[in-house]
Amino acid sequence: MRFGFTEEQQRFRAGVRTTLRSAEVRAAAAQATGADGVEPDARPLYRLLGELGLLAVHWPAEFGGQGRPLTDAAIVAEELVRAGVPDTLHVNTIQIVGQFLLMAGSDEQKRRYLPALARGESFASVLYTEPDAGSDLGALRAVAEPDGDGYRITGTKVFSLKTRFVDLGLCAARTTPSAGKYQGISLFLVDMGAPGVTVSLIPGVGDEHFHRVDLDSVPVSGGDLLGPRDEGWPLLNEALAIERTGLDYYLKAEHWLDAALDALIDCDPHSPHDAHLEQIGRWHGALTADHVLAWEVLTGLASDQVDQVSTAVAKYHSSELAQSVAAWAADIPGPEQRANRTRAAVTLDSAYREAPGLTLSAGTSEVMLQIMAAAFDSIGQEEH
């Protein structure tokens, strides 16, 4: 278990932090931050980060990275959020789809897609969830029917983020519908500009909008099949484990608690804030434990050890913690701070509207508890 960072990691973090504190990055981050239900286009910011070489430091150099360890990529992810960079495009494009391509893509697919993603010139999102299926990906209905050397995909995907800004979708579809609930599923790389793709907004209260994606006989080539045909389910489980390190949720919780403390200090700098002191201490303790948990998972992934139970624990704990911090902090800014739209007040208002979705995305808390319970059941069976 890791309880600290090496000197090399600390030097690397300091360099990244210095770069992100530049006036150019701070101005671009401010332009890319949503508020009051308005979601700006964050791609100019990411193009700048791509020029600075900060989007995919752990990818091999031949695919646009710097060949650094996965743990260094986590350090960059932490510093991006702490510098005020909206993280969803990074999470979707680099941490999920890009990492999945590295894990399961062919060399040709990696050469075709990864360098542009690393430069911030192309963006990606996942197309898993469907209406009436929710987090149960075994219930997905989208089909990919053979068409010459390729396929045509038909179906509807929902609740994907940043979709109207992305160029590439990682889509799950059934290639053998009669094979069974968890069999006959394949994964495809879909050109979001292809004929038959329609992206529309799903009304919501958050600053980042969910999207519905309708796929009407969308053509994909045989070269866009990711991994073996009909063997998408085990790949999906590995991909979901990558999503569930808990680090992104931990960073939200940390960011929101810092905003609450800023609001308290700004409201009354000389007060000990006794009414909040005990709870603040509890939040710090929970955050420390959450950070260790996320890094335990990350260290395992860096060693090619994907532990489904550990990732479920990390995702559950971190998303529930972030949601709780947002609910607690909602009433911290005073009326004057709200009226003046201080940075902390705007951040916490946005957090309160975003928080309900945290325990749904990347697998609901109920699904995470089921994974944990199944692991306990198997331990009991082994003992008997």
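These numbers were taken from a predicted model, which means no experiment stands behind them.

Caption draft 1: Seen up close, the overall build of the protein. Scanning the protein from N- to C-terminus turns up 13 helices and eight strands. Relative to the 2.2 N^0.38 estimate, which gives 21 Å for 384 residues, the radius of gyration of the protein is 21 Å and therefore close to what a compact globule would have. Dimensions of the protein along its principal axes, counting C-alpha atoms only, are 70 × 60 × 45 Å. Here the analysis covers contacts within the protein between residues at least 6 apart in sequence; of these, 75% occur between residues at least 24 apart. For the protein, the accessible area works out to roughly 17,400 Å², and carbon and sulfur atoms hold 53% of it. Across the protein, the centroid of the 31 positively charged side chains sits 4 Å from that of the 53 negatively charged ones.

Caption draft 2: Spatial organisation of the pairing of strand β5 (residues 185-191). The buried count for β5 comes to six of seven residues, which makes it a mostly enclosed element. Taken together, the seven bridges between strand β4 (residues 168-174) and β5 define a ladder with antiparallel strand orientation. Bridged to L168 within β5 is D191. Pairing of β5 with strand β8 (residues 225-226), which is carried by two bridges, proceeds in the antiparallel orientation. Residue F188 lies in a different strand from β8, and its bridge partner there is L225.

Caption draft 3: Fine view of helix α8 (residues 247-267). When the terminal C-alpha atoms of α8 are compared, their 30 Å separation across 21 residues agrees well with the 30 Å that a helix rising 1.5 Å per residue should span. Summarising burial for α8: 15 of the 21 residues are buried, a large majority.

Caption draft 4: Seen up close, the packing of α8 against helix α10 (residues 308-329). Packing of α8 against α10 leaves a shortest axis separation of 8 Å and a crossing angle of 20 degrees. Judged on the interaxial angle alone, α10 and α8 are roughly parallel. In terms of crossing hand, the pair formed by α8 and α10 is left-handed. Where α8 approaches α10, its residues Y249, Y250, A253, W256, L257 and A260 are matched on the opposing element by K315, S318, S319, L321, A322, V325, A326, W328 and A329.

Caption draft 5: The packing of aromatic side chains, seen in detail. In this structure the tally under the stated criterion is six aromatic pairs. Between F5 and W295 the ring centres are 5.0 Å apart and the planes differ by 85 degrees, which places this aromatic pair in the edge-to-face class. On the criterion of sequence distance, the pair formed by F5 in the segment before α1 (7-20) and W295 in helix α9 (residues 274-302) is long-range, its members being 290 residues apart. On the basis of relative accessible area, F5 is assigned to the partly exposed category, the value being 24%. For W295, a relative accessible area of 1% gives the class buried. Considering the side-chain rings of F159 and F210, the 5.5 Å spacing of their centres and the 80 degrees angle between planes classify their relative orientation as edge-to-face. Residue F159 is found in strand β3 (residues 150-161), and its partner F210 is found in strand β7 (residues 210-220); the two are separated by 51 residues along the sequence. The cationic tip of K315 hangs over the ring face of Y249; the distance from NZ or CZ to the ring centre is 5.2 Å.

Caption draft 6: Inspection of the pattern of salt bridges at higher detail. Summed over the entire model, instances satisfying the criterion amount to 26 salt bridges. A salt bridge links R341 to D36; the nearest nitrogen and oxygen atoms lie 2.7 Å apart. Of the two residues, R341 sits in the loop between α11 (335-339) and α12 (343-354) while D36 sits in the loop between α2 (23-31) and α3 (43-51), which places them 305 residues apart along the sequence. Residue classification places R341 among the partly exposed positions, given a relative accessible area of 44%.

Caption draft 7: Inspection of unusual backbone geometry at higher detail. One non-glycine residue, K162, adopts positive backbone phi at about 65 degrees. By the element assignment, K162 lies in the loop between β3 and β4. The exposure class of K162 is buried, given its relative accessible area of 4%. A positive phi angle, close to 50 degrees, is found at H273, a residue other than glycine. Following the sequence through the fold, H273 ends up in the loop between α8 and α9.

Caption draft 8: Structural view of the confidence of the model for the protein. Summarising the model, the protein shows a mean pLDDT of 91, and 97% of its residues fall at 70 or more. Within the protein, no element has a lower average pLDDT than helix α13 (residues 365-383), which sits at 79, and none a higher one than helix α6 (residues 107-118), at 97.

Caption draft 9: Here's a closer look at the packing of α1 against helix α4 (residues 70-82). Packing of α1 against α4 brings their axes to within 10 Å, and their N-to-C directions diverge by 35 degrees. The two elements α1 and α4 cross, and the hand of that crossing is right-handed. Seen from α1, the contacting residues are Q9, F12, R13, V16, R17 and L20; seen from α4, they are T71, D72, I75, V76, E78, E79, L80 and R82. Taken together, the residues that form the contact of α1 with α4 break down as six nonpolar, two polar and six charged.

Cut-offs used in this document
Residues numbered from 1 in each chain as written. Predicted model: local features only at pLDDT ≥ 70, side-chain atom pairs only at ≥ 80, totals over all residues. Heavy atoms only, no water. Helix = DSSP H or I, 4+ residues; strand = E, 2+ residues; numbered from the N terminus. Rg over C-alpha atoms; globule rule 2.2 N^0.38 Å. Contact = heavy atoms within 4.5 Å. Areas by Shrake-Rupley, 256 points an atom, 1.4 Å probe, with all protein chains shown as cover. Lys, Arg positive; Asp, Glu negative; His and termini not counted. Charge placed at Lys NZ, Arg CZ, Asp CG, Glu CD. Buried < 20%, exposed > 50% of the residue type's maximum accessible area, 1.4 Å probe, protein only. Pairing = 2+ DSSP bridges. Expected span 1.5 Å × (residues − 1). Axes fitted to C-alpha atoms, helices over the stretch in contact; angles between N-to-C directions. Parallel < 35°, antiparallel > 145°, perpendicular 65-115°, else oblique. Left-handed = near helix turned anticlockwise from the far one by under 90°. Phe/Tyr/Trp six-rings, centres within 6.5 Å; stacked < 30°, edge-to-face > 60°. Lys NZ or Arg CZ within 6 Å of the ring centre and 35° of its normal. Salt bridge = Lys/Arg side-chain N within 4 Å of Asp/Glu carboxyl O. pLDDT = per-residue confidence, 0-100. Nonpolar A, V, L, I, M, F, W, Y, C, P; charged D, E, K, R; others polar.

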